[in-house]
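As a plain string of letters, each chain reads:
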Amino acid sequence: MRRNTRWGALAAAGAAAVLVLAGCGAGDGGKSSSGGSMTLLSEWTDGGSAASIQSTIDSWNKANPDNKMTQRSIGNEDFMTASRTAMSGDNPPDVLQFEGFSDTVDYAKAGKLVDLTGWWNANKSRFALADSPGVTRSCTYQGKVYCVPMSSNAQSVLFYNAKMLADNGIAPPKTYDDVVAAGEKLNAKGITPIALGDKDGWPGAQLWMTFVAQLCGTTMADQAVDRKGPKWTDQCFTDAAAQVDSLRQKGFFPKGVVSDDYNGMVSLFESGKAAFISTGSWFIGSWQSAPPPFQVGAEYFPPVTGAAHPDDKVAYGGDVVGIPTGGKNQAEAMKFLDYMTSLDQAKVWAKNYYFSAVKGAVAASGPANIKDLYDQTASAENTLGSLDLQLPPAVGQDVLYNSFQSLLGGKTTPQQFTAALEKSAQATQGPSQP
Amino acid sequence: MATLTTEASAAAHGSPRVGRRRRKWPALIPFLGPALGFYLMFLIIPLAGTIFLSLTDWNGFDFGKIDFVGVTNYTALAHDPVFKSALWHTLIFVAVAVVLKTVGALAASLAINERLPLATLFRGVYVMPTVISMVVIGVVFNLALSPTLGLINPFLDAIGLGHYAGTWLGDPNKALPIIILLDVWQNFGIYMLIYISALVAIPEDLGEAARVDGASRWQEIRRVTIPMLRSTTGIVMLLAGIDSLKVFTTVYVMTRGGPDHATEVLSTWGYDQAFTQNDVGYGSAIMVVLLAIAFVFAFVWLRFFRKVGE
């Protein structure tokens, strides 16, 4: 009897082990279980972009029942890590949305992305800003194209609460001096002038880039990134940081500027507690699902008096799409890429407040209140890609973010900030060569 | 002679007890196999992999381009100011959190053991944070502490303590202490439960003997109860120490190591190096240092308590 009990327990344990091992082997390596034969990984988790990609996938799946697409989206802050991990493994998605620049270089260098040069040359006429540095630097590595832009991001946009300005007798600013004057007036009334939350580093860094584009120009900034002449300690880069520092000293930013994140700064603006918010056109995308409870005005950050390059803008192909070489179905993935960047699909995205990179989409179906801003972006002559994404992560996402955070906290001077950036760039990329 | 023959025969064939043990092994494999398999697969192999990667230069993308660089990553640590401050923050975190968790858990368990009114309620209240996800706690406290959208500053204003309002997590001098306190608040409940279990196991007659000898309640706790909890305290401090060494989620969710690395600890800096800056070798070296500290801490702590016990 005892022997029988022992053998019974043995059999049960063996069965359990088999079940556990079977459980480990089941599934399809973590892919969505909705039965698709292709997968897309993106950071389109909410707002217009999430609604748009779902619409594109639904219509694709309807037309291609044998090659269905499924998607997995991850929030912005964790997406970079998740996408890099996915790309380093043996089971990458068939289509990857990412943010270009240094990621493109890393992926292309490792042979992880399909060369799209042929497709791009045949189809680039359908994209706005196709030949601008803001787009080409985002997707090109050693002369070959590895991704295509989904959006034409306008980064240096100043959004304002039109009602709040009107209630306080302030006209929408046309110059930087107008912004400062409005800020001082609002400050005196106890209203936070500019919503900014720099916990994650990039919102503050982007404000610095806005001034960099105007004071240094896009060409000089790109040369500094490439270590071809200019250094980050050159006067205009320090002056750009000093402009932000001056706003901080005037008390234009909220008390939580260092500890609040992007969502915090958006909440501050949308709850009517701040008059302005300086961020990118992606903010508009959230209006599709959660429109602000007041009329929002939007224009490029007004030019600084005496700026050498007042019309230079931080604008680039923000969301880019590539085809991983490890994908299971590259031919179909290429068809999907072609489909999602078609004018018909781009119109759907534009209707959802997305700054589509496809020419004519916003004009045809974009909401009226974004068309002017979009036209300024699409027709910009000098565009700068986001510097934090262009620089190696050790420089752009460590020192740039942390030192600028320190500047916003009043612990670092503009000179110390640019000195730290230059030191990191030298250590990572080498000295700047004339 | 007969006896000798029997012993020689037993030695030749192994003792009956050893033989029984050997015969048991095949039967034990199905029971131990899955657990050992998981242990090997998810602990030993990744551990060996991390140690190997710490000796390489690898960007995390291309397995064909893993360059062996020896101890270069470890020598680079000595010149990394962020690593040094992360190491310092980690040690401060462990020292303060271990003391606060242990003292808090001991005090709470002694109070609950007194069977005061609402003791059961408070036991649940203290344990409750332990079962809540740290991500949820981090997000909630992040919002509550926000100087612009939070509740703490308006509350301080409302009760006339507005001059204590601050930027909290935005202040490099306050951010780390706040995170430590939050970690203590979340985790001390589980150590309190360990103490309560140990208190129940202390024989009643020891306390009675002390009382018969005229000891006050406080003297009884100090002279009888706390010494009887010595080994439990050792375990609690060891577990709390290892728990604090591993801290990641609290820091990552609340500050991401900021402002300007003011709350950076070894785990967040290693993660940042490996997964944000694509320097997997260097990130692995940081994690190996953390592992070594944990091993040394556990070894020294166990030796110390064994000695004290003896």
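Asks: Where do I start with the interface of chain A and chain B in this structure?
Replies: Where interface size is given, it is often the accessible area lost as the parts come together that is meant. Across the contact, 39 residues belong to chain A and 34 residues belong to chain B. Summing both sides of the interface, chain A and chain B together bury roughly 3000 Å²; the carbon and sulfur share of this comes to 59%. At the junction of chain A and chain B, the tally comes to 1 salt bridge. Between B:Arg256 and A:Asp200 there is a salt bridge, with its nearest N and O atoms 2.8 Å apart. Seen at the junction of chain A and chain B, the total is 16 residue pairs in polar contact (both at pLDDT 80 or more).

Asks: Would you mind going over helix H10 (residues 218–226) of chain A with me for this structure?
Replies: The periodicity of an α-helix, 3.6 residues per turn, causes residues three or four positions apart to be oriented the same way. Residue and element names in this part refer to chain A. All of the buried residues along H10 are Thr 218, Ala 221, Asp 222, Ala 224 and Val 225. Projected down its long axis, H10 shows its buried positions confined to an angular sector of 155°, all on one face. Residue Arg 227 follows H10 closely and has a positive phi angle near 60°.

Asks: Mind showing me how you'd approach the side chain of B:Gln277 here?
Replies: Relative to the helices and strands, B:Gln277 is located in the loop between helix H13 (266–276) and helix H14 (280–309). With a relative accessible area of 12%, B:Gln277 lands in the buried category. Among the polar contacts made by the side chain of B:Gln277, one reaches the side chain of B:Asp272 at a distance of 2.8 Å. In this structure, B:Gln277 is in contact with A:Pro393, A:Ala394, A:Asp398, B:Trp269 and B:Asp272, ignoring residues within four places of it in sequence.

Asks: Sorry if this is basic, but what is going on with the pattern of salt bridges here?
Replies: Side chains that differ in sign of charge can pair as their charged atoms come close. Counted under the stated rule, the structure contains 15 salt bridges over all chains. Here the salt bridges share partners, and the residues they tie into one network are B:Glu114, B:Arg211, B:Arg217 and B:Glu220.

Asks: Explain the packing of aromatic side chains here, please?
Replies: What characterises a pair of aromatic rings is the spacing of the ring centres plus the angle enclosed by the ring planes. Within the structure shown, the criterion is met by 34 aromatic pairs over all chains. Both rings, one in A:Trp120 and one in A:Phe127, keep their centres 5.1 Å apart while their planes meet at 35°; by these two values the pair is tilted. For A:Trp120, a relative accessible area of 6% corresponds to the buried category. Exposure remark for A:Phe127: the relative accessible area of 1% places this residue in the buried category. Taken together, a centroid distance of 6.0 Å and an interplanar angle of 55° make the contact between A:Trp208 and A:Trp232 tilted. Placement of A:Trp208 in helix H9 (residues 202–215) and of A:Trp232 in the loop between H10 and helix H11 (235–249) is noted, with a sequence separation of 24 residues between them. For A:Trp232, a relative accessible area of 0% gives the class buried. Between A:Lys313 and the ring centre of A:Tyr300, over which it is positioned, the NZ or CZ distance is 4.9 Å. Against the face of B:Tyr252 rests B:Arg256, its NZ or CZ located 4.5 Å from the ring centre.

Rules and cut-offs
Residues numbered from 1 in each chain as written. Chains lettered and ligands numbered in written order. Predicted model: local features only at pLDDT ≥ 70, side-chain atom pairs only at ≥ 80, totals over all residues. Heavy atoms only, no water. Contact = heavy atoms within 4.5 Å. Buried area = accessible area lost by both parts, 1.4 Å probe. Salt bridge = Lys/Arg side-chain N within 4 Å of Asp/Glu carboxyl O. Polar contact = N/O pair within 3.5 Å; in protein donor to acceptor, adjacent residues only side chain to side chain. Buried < 20%, exposed > 50% of the residue type's maximum accessible area, 1.4 Å probe, protein only. Helix = DSSP H or I, 4+ residues; strand = E, 2+ residues; numbered from the N terminus. Arc of directions from axis to C-beta. Phe/Tyr/Trp six-rings, centres within 6.5 Å; stacked < 30°, edge-to-face > 60°. Lys NZ or Arg CZ within 6 Å of the ring centre and 35° of its normal.

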